[in-house]
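Tertiary structure, described
Below are the chains, spelled out letter by letter.
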Amino acid sequence: MAFNYFLSLLVVVSSSSLLCFSLSTVSISHTSDQTLVCALTNTSHLQCTSLPPNPIPFSLTGTLQNRRFSGVVSGNGFVCGLRSPLGSNTSRVLCWRFSANGANMSYKRIYKGPELKELEANASRVCGVEKVTNRTRCWQPVFIPRSDNYDSIALGDDFLCGLSKPPGRINCEGEGNITNVPSGDRFISIAAGSRQACAITVDNDVKCWGQTYTSPPSEKFSAVAVGENRSCGVRWVNGTVTCWGSNNNNGFSLPRRLENVHFTSIYAKGLIFCGVVRENYTLYCWGEESVFTPFPDQPLLPGPCRQDCPYSPLPGSGSLCGNGMMICDSMNRHDPGVLVPDTPRGQLDSKDKTWSKKNIAFLVVGCVGTCSLILVVGFLVYKSHCRCRVHDSGRLDDNRIIVDEPKLERRLSSLASLGNHGQLVEFSIEELAKATDEFSAQFQLGIGSFGIVYKAVLSDGRHVAIKRADLTNPALSGITRIRNRREDNDSAFVNELESMSRLNHKNLVRLLGFYDDAEERVLVYEYMANGSLADHLHNPRLEPLTWERRLTIALDAARGIQYLHDFAVPPVIHRDIKSSNILLDTTWTAKVSDFGLSQMGPTEEEDVSHLSLRAAGTLGYIDPEYYRLQQLTTKSDVYSFGVVLLELLSGHKAIHMNEEENPRNVVDFVVPYILQDEVHRALDRRIPPPTPYEIESVAHLGYLAVECVVPCGRERPSMAEVVSNLEKALSACLAAPQTEPLSRSATN
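Residues numbered from 1 in each chain as written. Predicted model: local features only at pLDDT ≥ 70, side-chain atom pairs only at ≥ 80, totals over all residues. Heavy atoms only, no water.

**Here's the deal with unusual backbone geometry**
- Going from P166 to P167, the amide bond is cis rather than trans, its omega being -10°.
- The residue P167 is located in the loop between β13 (159-163) and β14 (170-174) in this model.
- In this model, N229 sits at a positive phi of 65°, which is unusual for a non-glycine residue.
- Structurally, N229 can be placed in the loop between β18 (221-226) and β19 (230-235).
- One non-glycine residue, F439, lies in the positive phi region at around 55°.
- Locating F439 in the fold gives a position in the loop between α5 (429-435) and β27 (444-447). (Helix = DSSP H or I, 4+ residues; strand = E, 2+ residues; numbered from the N terminus.)

What follows is the structure, encoded as C-alpha cells:
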C-alpha cells in the first residue's frame, strides 16, 4: 500500500507539466460599479456578462466570437483569453477592455510565442508561464520575475508568488509586503488575492499568508480561491465549499443556499466568488449574501482541457473538450484504490510509509530519467518551432556540410557574361587614384564592409564615393568577418557588385561602376551629401533631426529593404542593416548602402532546404536568433531595422554607455519603457518633446520597433508590414491635430 501511495505521488510529480491548477476557465473583473464574469463554455468559446442588478451581455469583436480558448483571466476593466491550438506549440494572449455599457469590446494581442501552460492576472497585470522552459513572462505593464523556475504562479495587487514543480517550494516577490511565506517543498497548488495568498499541501491542508490573511479551517481541501480579505475552499471529502475571512468586521461565510452544493472548481476576485457545480457544470457566483447565476443552464468548462490525466478525469469531460482531451478531477488526484475521498492522506498507517532503500533508489533513478527525457524532448520541440529556415550561398565551417563555392574569377566571369556590367562603368585605377589624391586620408569618409570609403570628384565633375579594399591598412582589422581578410574582401566585393548591378530603387544607393584586377577591388557609388543617419543621431556638432524627418527617413529605408526582400529576383538579405548604412542625399532622401555582407535569398520556385550560414553583421544590430542558430532569413534584417528604429527614438547608439559608464544595449534600455506605455521616458532629449499629435506617431513607432526585435524571428513583421505601419505613423504626424489617433493594436 505504501508503495502504491508513493507511486501515485510520483505520478503527480512527473505529470506536473500537465496539471495547471491555476489555469482558469472562469474569471471575474471589476470596473466602476460593475462586475464582469467571463467563462469558457462547453465548446471552449468565451462568454461574458455582468452581474445584477444590471446584467449586460458582452460580445467579442470580429471573428473571435467563434474561436476556441483554453483559459481566461481578468483584471480591472479588462479580460484576456489564452489560445493554444492543439499541436501548434504556440500560444496567443488576446485582451479586451470593456466599458460600462459593454459595447464594442475591441481587442489587442499582448503575446504570441512559445506555448503557455499558466496564465494569471491581478488588477492591472497579466503573467504567464511557458510550458517548455518554465519562464515566467508578464505584461501590461511589464514585470520581470527573478526566477524562471515556477511551475505555477499567483498574482496579488503588487506581488507575485510562484510554486516550483509540485510538490514544490513557494517563493514570493514584488513590491508588496507579503510576509510569513510558508517554507518547505510540500505544496501542489497556489492562489492569491489582493493582499494575501494560500496554497494546498500534499496532505490537502491549506496554508495562508500575507498582510490580511485569516487562518483557514483545519479541513482537507482540493481547491482554494482567495479574494479581498476572504477565502473559500472546496472540501476534499465531498466537494462542498466553506469560506472564511472578514466581512465588515464580521466573519465571512458561504451563503446558506449553497451549503450543500458540490463544486469542482472555484474562482475569486475582490468580494466576488464563483464556482462550477459538479452535477451539471453550471456556474454560481456569490458575494456578501447574494447568489447569482451569470449563465443560467449553460454548461461551462470546469477546468482546463488536457490530453492526459494521471488520475481520474471528470465525468463527461471528454464530450466537453473534444479532440480526445479531458478535464482532470482534482478530488480524485490519486489512485482510488489507495486513497478514497473520505480517508485523508495524513491518516495513513505510519508503518505503510516505510520504504526500502531499493525502492527509493528505483524511484530516484526513474524520476531523473523521466525528467531528463522530458527536458530534452521539450527543448528540441521548442528549438524546432522557433527555428527559421536559412538560404546559404556562402562558406560553411569546416565541420559542416561543404558547399562548392565558385572561385572569385568564375563569379566575376559569370557576372560579366550575364551582361550585368552593361549599366556600370569600368573605371581605370589611374582615374580613381587621381580623384582621391592617391587615396589620401584627407578624402576618407569612413569604412565599409570590405574597404575604406573616399569622397572624390571625377574628371567629368561628378561627386562620387569610392570604396576600395585595402589589405594592409590596420584600420580594417576591426571589420574582418570570417577567416582570411583577403578572402573576405574579395567575397564582399563580388557580393556587392552582384547585388548592386541588378538592383534599382530610389531608396538604395546607386552603384556607378567598378575596377578590379589581381591587386585592387574598387566600387564607385553616387555621393550622398548629407552623410549617414548615424552622423545625425550621434554627432553632437550636427543639428538633430526632427520627429517628422526621423519618420520620413525610417520609411525611406524600410521601402529600400522591402524592395530587397519582396521585389528583387532572387531576394536579397542585407545582413548589415544599421544607422551608418542608411545614407542621406541632398534632399534628405534615405538610401540603404553597403551590400558587402548581403546574401541571395531563395526564389519561390526553388526548393528551400536551407543550410547553416555563419552569422555576420555588426555588434548591437545582429539578430540574436541568427547569431545563436546560424540561420538566416529576411526576419534578421527586420530585427536590425528594429534596432535602427530604437536609435531614432532614443538618440542612443545600438551599444552605448549608461550613466555608470557600463555598455548597454539600446534594446534592453528602450523596450521596457515602450512595454510600460512610457515611451516618453526614452525619447531623444536633444530635440523638443513631440507635440500632442506627434506623440501618437512616435508611440506607434515604438510599438513597431518592439515587434521588430522580438526574440523569435517568426513573430516579427515582414518589411511590407513595417512599411505599411510607418506610412500610417508618418501620415498621422503630418495630419492636423484633430485626426483620429493611431492605436497600438494597429502594429499587430
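**Digging into the UniProt feature "binding site: ATP" (unreviewed entry) in the protein chain**
- Per the UniProt record, the feature "binding site: ATP" (unreviewed entry) sits at K467.
- With respect to the helices and strands, the residue K467 is situated in strand β29 (residues 463-468).
- Given a relative accessible area of 4%, K467 falls into the buried group. (UniProt positions renumbered as here; feature names shortened; annotations may be inferred. Buried < 20%, exposed > 50% of the residue type's maximum accessible area, 1.4 Å probe, protein only.)

**Points about helix α8 (residues 547-567)**
- Between its first and last C-alpha, α8 extends 29 Å over 21 residues, near the 30 Å set by a 1.5 Å rise per residue.
- With 15 of 21 residues buried, α8 is to be regarded as a mostly interior element. (Expected span 1.5 Å × (residues − 1).)

**Thoughts on the sheet that holds strand β7 (residues 90-97)**
- Judged by pairing direction, the sheet is antiparallel, and its four strands sit side by side in the order β5-β6-β7-β8 without closing on themselves. This sheet does not close on itself; its edge strands, each paired only once, are β5 (71-75) and β8 (107-114). Put simply, the sheet's adjacent strands are angled 20° from each other on average, direction ignored.
- For strand β6 (residues 78-83) and β7, the ladder comprises six bridges, and the chain directions are antiparallel. Residue pairing across strands places G81 opposite L94, the latter belonging to β7. (Pairing = 2+ DSSP bridges. Axes fitted to C-alpha atoms, helices over the stretch in contact; angles between N-to-C directions.)

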